[in-house]
Amino acid sequence: MKLNLKRPLAFFDLEATGVNVGSDRIVEIAILKALPDGTEEVKTWRVNPEMPIPLQTSLIHGIYDEDIKNAPTFKQLAAEIAGFIGEADLAGYNSNKFDIPMLLEEFLRAEIDFDMNERKFVDVQNIFHQMEQRTLKAAYKFYCQEDLVNAHAAEADVIATYKVLLGQLEMYKETQFEDKQGVKSVPVVNDVDALHTFTNLHKPVDFAGRMVYNDKNEVCFNFGKHKGKTTAEVFAIEPSYYAWMKQGDFPLYTKKKLDEEWAKFNAKKNENRPAKPQQPQGQGNKPHYNKPKVDKPAQPINNDMLEQLKMKFGK
């Protein structure tokens, strides 16, 4: 099918150092520009983000610091990228929430006036999510071929959820899945351990997503300036970060898991602390103490004692 276009439509995708639009940077941008005459133009640029790429992010998109150390910065490429897009409308997958805002941030840093006023933008993910709704009611209809009656009543919903899982196990029992690293498997099987692994791909520690396990099963922060760093690394260089989180507006369970990590960090630090050398007995300064006075036993009076008394008192 040919797109019915009045002007070019630029599909684009970004790879970045992370997902924080305000602080992360683009490391790769690819653009497919579909033209009204049915032709297409494709260009890809690698970008030096001028900041390290966290290992956890590199493992997802496969771009490492070494790969882009000699690439131009976005500021050096900005005019060329804006020129290639031209007056085209924009399209992408989850582009309204991520790609467009991040691209606009980069253009602003590069002092490029990229006008969005007359552009249209198409987010393909939104079409998918709205046409294939992700509600329990839609899932029940899709997997069980029935309408969910009394939706949002707790008992009806929990029974429907149970039936949806049974339907998923039947539908996907031999379906191959490929993850972001290209590893293929058949993950939806009738086994709770396997389902746990598949439904917790991000391996949350606190369920709010503030802390996650990395590939080495170490607890890492998953937000802010220390994203991708282990809790032990952060506590070692900035112990006040613990106090900041404890005082911050974080869920109580997040703070509970934070306390556990803080306790582990301090226990390990105390284990590695060298013991104080003990002073050998008989060396160094001895403790000072006063010897108790011992009263001498009374002695019987004799002539010598009488003579001394006479001399003393003159009698």
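Residues numbered from 1 in each chain as written. Predicted model: local features only at pLDDT ≥ 70, side-chain atom pairs only at ≥ 80, totals over all residues. Heavy atoms only, no water.

Asks: Explanation requested: unusual backbone geometry in the structure shown.
Replies: Across the chain, the bulk of peptide bonds are trans and the bulk of non-glycine residues have phi less than zero. Phi at Q145 takes a positive value of approximately 55°, unusual for a residue other than glycine. Turning to its location among the elements, Q145 is positioned in the loop between α6 (136–144) and α7 (154–171). Judged by relative accessible area, which is 57%, Q145 ranks as exposed. A positive phi angle, near 65°, is found at N150, a position not held by glycine. The topology assignment puts N150 in the loop between α6 and α7. Take N150: its relative accessible area is 56%, and that puts it in the exposed class. (Helix = DSSP H or I, 4+ residues; strand = E, 2+ residues; numbered from the N terminus. Buried < 20%, exposed > 50% of the residue type's maximum accessible area, 1.4 Å probe, protein only.)

Asks: How do you make sense of the pattern of salt bridges when you look at a structure like this?
Replies: Two side chains bearing opposite charge may form a pair once their charged atoms approach each other closely. On inspection of all chains with the given rule, the structure shows 12 salt bridges. Between D89 and R7 there is a salt bridge, with the nearest N and O atoms lying 2.6 Å from each other. Note that D89 is positioned in strand β4 (residues 89–92) and R7 in the segment before β1 (9–16), a separation of 82 residues in sequence. On the accessibility criterion, D89 (12% relative accessible area) is buried. Residues K69 and E66 are paired through a salt bridge, measuring 2.9 Å at the closest nitrogen-oxygen approach. Connected through salt bridges with shared partners, the residues E105, E106 and R109 form a single ionic network. (Salt bridge = Lys/Arg side-chain N within 4 Å of Asp/Glu carboxyl O.)

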